[in-house]
Amino acid sequence: MQKIVTAAQMREIDRRTIEDRGIPSLILMENAGARIYEYLAQHFSPLSSRRLIVIAGKGNNGGDGLVSARHLTVRTKPLELTVVVVGDPQKFNENAAANYRMLQAVDCNAITVCTRDDWKLVQPKLISSHIVIDALLGTGLRKPLTGLYEEIIEDINTHCNHCEKIAVDMPTGVPTDSGEPNGKALSASTTITFTTPKISQIFFPNSKQVGKLVVKPIGTAPSMLSADPQLNLALIEPGDFQHLLAARPPSSHKGNFGHVFVIGGTPETPGAALMTASAATASLRTGAGRVTVATSENTASSLIAHTPELMTLHLPTDKSGQLDSERFTSSCFNLATVLALGPGLGVSPGSVELTKRIMLETHQPLVIDADAINCLSKITDWQCDRQRPVILTPHPGEMARLTGNTTDEIQANRIEIARNYAAKHGTYLVLKGHRTLIATPEGLVMVNPTGTPAMATAGSGDILTGIIAGLLAQFPHEQTGIVIAAAVYLHGLSAELAASETTELAMLATDTLQFLPAAIQKSVSHFE
């Protein structure tokens, strides 16, 4: 799991690497420049047929670019290499100045640009280049671009649509700590960042400016990231849950893989419970051993007709067909490994009371979605038994009802709201949306990189609930956060694969089930 950091956190990581671990800053810069060169050599070979321009600033980002230019000069002779330094080299920081001198030492002379007129003389070189390397500004940006820097970036964006635009660490103009734009910024084809991703490289819309994100090590020990409790934002990777996808023992039977109870599906909305149950039972998809749908008698018959693998449990209803919480006994769920509550449950007074009683009287891991979240928002005195995991899976509107915030406020501060809510209530929180977040009771927030706009369709959340419940039933002794992360990642990846076949416009939520095997295989093959 890769940590996602702010600019200040990255500076502290570099400081500790230099001062505590004894790795000189000049070595880190050398490694960064070498990683850029290696990426170019790997992806744009032969470089001898390419025209490249390196545009370097006066700070550490510029120093990285100057190192890459030196490697290009001495290791591979491009068809044409132009190096532009923006600013007076006499005012470069210590490491950038050292690398400027080393570049001159290998007979590579840079063009100095200090004014707009200087830049106009360079423009023909820019326009004719195949590859532009942006090493103007990195994570140190604190205000919008102005003046010469703004003009340079505007020219690159305007005149280099035919070019590969490689940003060093961060596209110039993109703020490090926010997904929100802050004036003009480079629209990169690829961003090569170092050590670990930065916030704006992950979150929309600034993530669009990044293009393809490539993370390269430059010498910082992995333990410095993994052992730091202050680094509590992380990107989910297939390696985090690889062990969950291992082959099953030959002696396996259905009793080994848990029993999911799905509670919901009133006569008016049986489809939501059906999709949840389908997600949890589909063979070779989520892989739960058994699934029982606890619902009204009328709904149960339609579910069995559609999916005969399901078992059903009839919940008591009143004369109007609504759930009758007064006749409910929690002992009917004793055989369950995991409970999934909410899809199609309704928000009648009986549903609200049933939600409260299940929260208080059951002991199994509990996944709460859809109507059950809306019921929960009407209960003021609920609390979690921290001995068992409770997972809430709201979309932003449901999260607004849970917290009393507006949807816009939720969207503007997703990470901290999710983190604070999970910590306060002792729950796991899956806040759905672009870059779905998984917040743990301990304060860690995991970010899911998979998904597609095609998931904005009825039933997607119900499918996710079933996948989470199905995996939790199989791995009750694993870290709950990792199991949830696996479910969210695979759900998003299967939707990507489904959308590539059906198109984003035509994809149905249930299409993702057909592509879960392919998503699992793709995640496994990532490490084969």
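Above: the structure in question.
All of the points below concern the structure found in this document. (Residues numbered from 1 in each chain as written. Predicted model: local features only at pLDDT ≥ 70, side-chain atom pairs only at ≥ 80, totals over all residues. Heavy atoms only, no water.)

**Quick look at the overall build of the chain**
What counts is decided by this rule: Elements are defined by DSSP. Helices are runs of H or I of four residues or more, strands are runs of E of two residues or more, and each kind is numbered from the N terminus. The buried label goes to any residue with under 20% of its type's maximum accessible area, the exposed label to any with over 50%, and the partly exposed label to all in between, with areas taken from a 1.4 Å probe on protein chains only. Throughout, a contact is declared for two residues whenever any of their heavy atoms are within 4.5 Å. For the accessible areas, the method is Shrake-Rupley and the probe is 1.4 Å, while residue cover comes only from the protein chains on display. Counted as positive: Lys and Arg. Counted as negative: Asp and Glu, with His and the chain ends omitted from the count. Charge positions are represented by NZ for Lys, CZ for Arg, CG for Asp and CD for Glu.
Helices and strands together make up the secondary structure of the chain, namely 20 helices and 18 strands. In terms of its C-alpha atoms, the chain occupies a principal-axis envelope of roughly 85 × 45 × 45 Å. By residue count, 57% of the 528 residues in the chain fall in the buried class. Taking contacts inside the chain between residues at least 6 apart in sequence as the whole, the part at least 24 apart equals 72%. In the structure as shown, the chain presents an accessible area of about 22100 Å², 51% of it carried by carbon and sulfur atoms. Of note, the chain has its 43 positive side-chain charges centred 4 Å away from the centre of its 49 negative side-chain charges.

**Remarks on the packing of aromatic side chains**
Test applied: In this scheme Phe, Tyr and Trp rings, the latter by its six-membered ring, pair at centre separations within 6.5 Å, and the angle between planes marks the pair as stacked below 30 degrees, edge-to-face above 60, and tilted otherwise.
Overall, the coordinates contain four aromatic pairs when judged by the stated rule. Note on Phe 261 and Phe 333: the rings are 5.6 Å apart at their centroids and 75° apart in plane angle, and the pair reads as edge-to-face. Of this pair, Phe 261 sits in strand S10 (residues 259–263) while Phe 333 sits in the loop between strand S12 (311–314) and strand S13 (338–341), placing them 72 residues apart in sequence. For Phe 261, a relative accessible area of 4% translates into the label buried.

**Regarding empty space enclosed by the protein**
Note the following rule: Method remark: on a 1 Å grid restricted to protein atoms, a set of points is classed as a cavity if a 1.4 Å probe fits but cannot get out and as a pocket if it is open with protein on both sides within 12 Å along at least five of seven lines; lining residues have an atom within 4 Å of a point. Grid points are joined across faces, edges and corners, and a volume is the space filled by probe spheres set on the points. Residue classes follow a fixed rule: Ala, Val, Leu, Ile, Met, Phe, Trp, Tyr, Cys and Pro count as nonpolar, while Asp, Glu, Lys and Arg count as charged, and any other residue, Gly among them, counts as polar.
According to the stated counting rule, one finds one cavity of 30 Å³ or more in the structure shown. Leu 315, Pro 316, Leu 323, Asp 324, Ser 325, Phe 328 and Leu 354 are the residues that line the largest cavity. Of the residues that constitute the lining of the largest cavity, the class distribution is five nonpolar, one polar and one charged.

**Thoughts on the pairing of strand S7 (residues 190–194)**
Walk down a regular strand and you will see the side chains alternate between the two sheet faces. Threshold: A pair of strands is considered paired only if DSSP assigns at least 2 bridges between the two.
When you tally the buried positions in S7, you get five out of five residues, the bulk of the element. Side chains of S7 alternate between two faces, with Thr 190, Ile 192 and Phe 194 and Thr 191 and Thr 193 buried alike. Pairing of S7 with strand S8 (residues 212–216), which is carried by five bridges, proceeds in the parallel orientation. What sits directly across from Thr 191, in S8, is Leu 213.

**A look at helix H1 (residues 7–19)**
As a reminder, the rule being used: Under the convention used throughout, the expected extent of a helix is 1.5 Å for every residue step, that is, one less than its residue count. By arc we mean the arc of the directions from the helix axis to the C-beta atoms, nothing more.
Here H1 spans 18 Å end to end across 13 residues, near enough to the 18 Å set by a 1.5 Å rise per residue. Turning to H1, its buried residues number three or more, namely Ala 7, Met 10, Ile 13 and Thr 17. Angularly, the buried residues of H1 cover 120° about the axis, an arc narrow enough to put them on a single face. On its buried face, H1 sits against helix H2 (25–43), S7 and helix H9 (222–226).

**Brief notes about helix H17 (residues 460–474)**
Since there are 3.6 residues in each turn of an α-helix, residues three or four apart along the chain are aligned in direction. Taking 1.5 Å as the rise per residue, H17 with 15 residues should run 21 Å; its terminal C-alpha atoms sit 22 Å apart, in good agreement. For H17, a buried count of 15 out of 15 residues is recorded, marking the element as mostly surrounded by other parts of the structure.

**Concerning the sheet that holds S8**
Stated formally: Note on geometry: axes are lines fitted to C-alpha atoms, helical ones only across the stretch in contact, with angles between N-to-C directions running from 0 to 180 degrees.
In spatial order, the strands read S4-S3-S2-S5-S6-S7-S8; together these seven strands make up an open sheet with parallel pairing. Across the chains shown, the open sheet's two edge strands, defined by having one partner strand only, are strand S4 (111–113) and S8. Neighbour-to-neighbour, the strand axes of the sheet open up by a mean angle of 20°, direction not taken into account. As defined by bridge partners, strand S2 (residues 51–56) adjoins strand S3 (residues 80–86) across six bridges and the pair is classed as parallel. By the bridge assignment for S3, Ile 53 is matched with Thr 82.

**Section: unusual backbone geometry**
Note: most residues except glycine have negative phi, and most peptide bonds are trans. The linkage connecting Ser 45 with the following residue, Pro 46, adopts the cis geometry, with an omega of 0°. Its place among the elements puts Pro 46 in the loop between H2 and S2. Residue Pro 205 is reached from Phe 204 by a cis peptide bond, and omega for that bond is 5°. If you trace the backbone, Pro 205 turns up in the loop between helix H7 (199–202) and helix H8 (206–210). The backbone phi angle of Arg 435 is positive, close to 60°, even though this residue is not glycine.

**Here's the deal with the packing of helix H18 (residues 480–502) against helix H20 (residues 516–525)**
Defined as follows: By the definition adopted for this analysis, an angle is roughly parallel if under 35 degrees, roughly antiparallel if over 145, roughly perpendicular if from 65 to 115, and oblique otherwise. Crossings are classed by handedness, with left-handed meaning an anticlockwise turn of the near helix from the far one by less than a right angle and right-handed meaning a clockwise turn.
One way to put it is that H18 packs onto H20 with a least axis distance of 8 Å and a crossing angle of 115°. Between H18 and H20, the interaxial angle falls into the category roughly perpendicular. Crossing hand, H18 versus H20: right-handed. Within the contact between the two elements, H18 uses Tyr 489, Leu 490, Leu 493, Ser 494 and Leu 497 and H20 uses Leu 516, Ala 518, Ala 519, Ile 520, Lys 522 and Ser 523.

**Some thoughts on the pattern of salt bridges**
Inclusion rule: Salt bridge, as applied in this entry: a Lys or Arg side-chain nitrogen positioned within 4 Å of an Asp or Glu carboxyl oxygen.
On inspection of all chains with the given rule, the structure shows 11 salt bridges. A salt bridge links Glu 30 to Arg 70, with the nearest nitrogen and oxygen atoms 2.6 Å apart. Note that Glu 30 is positioned in helix H2 and Arg 70 in helix H3 (residues 60–75), a separation of 40 residues in sequence. Assessed through its relative accessible area of 22%, Glu 30 is described here as partly exposed. Residue Lys 125 is joined to Glu 80 by a salt bridge in which the shortest nitrogen-to-oxygen separation is 3.1 Å. Within this pair, whereas Lys 125 is found in helix H5 (residues 116–128), its partner Glu 80 is found in strand S3, the two being separated by 45 residues in sequence. Classification of Lys 125 as partly exposed rests on a relative accessible area of 35%. Residue Glu 80 is classed as partly exposed on the basis of its relative accessible area, which comes to 27%.

**A short note on the sheet that holds strand S1 (residues 2–3)**
Pairing in this open sheet of 11 strands is mixed, and the strands run S1-S9-S18-S17-S16-S15-S14-S13-S10-S11-S12 from one edge to the other. Pairing within the sheet leaves two strands with one partner each, and these edge strands are S1 and S12. Its contacts with the sheet put helix H16 (residues 414–425) on strand S9 (233–235), strand S15 (390–392), strand S16 (428–431), strand S17 (437–439) and strand S18 (445–447), and the angle it makes with S17 is roughly 30°. Against the sheet, H18 makes contact with S15, S16, S17 and S18, and its axis sits at roughly 20° relative to S16, the strand it touches most.

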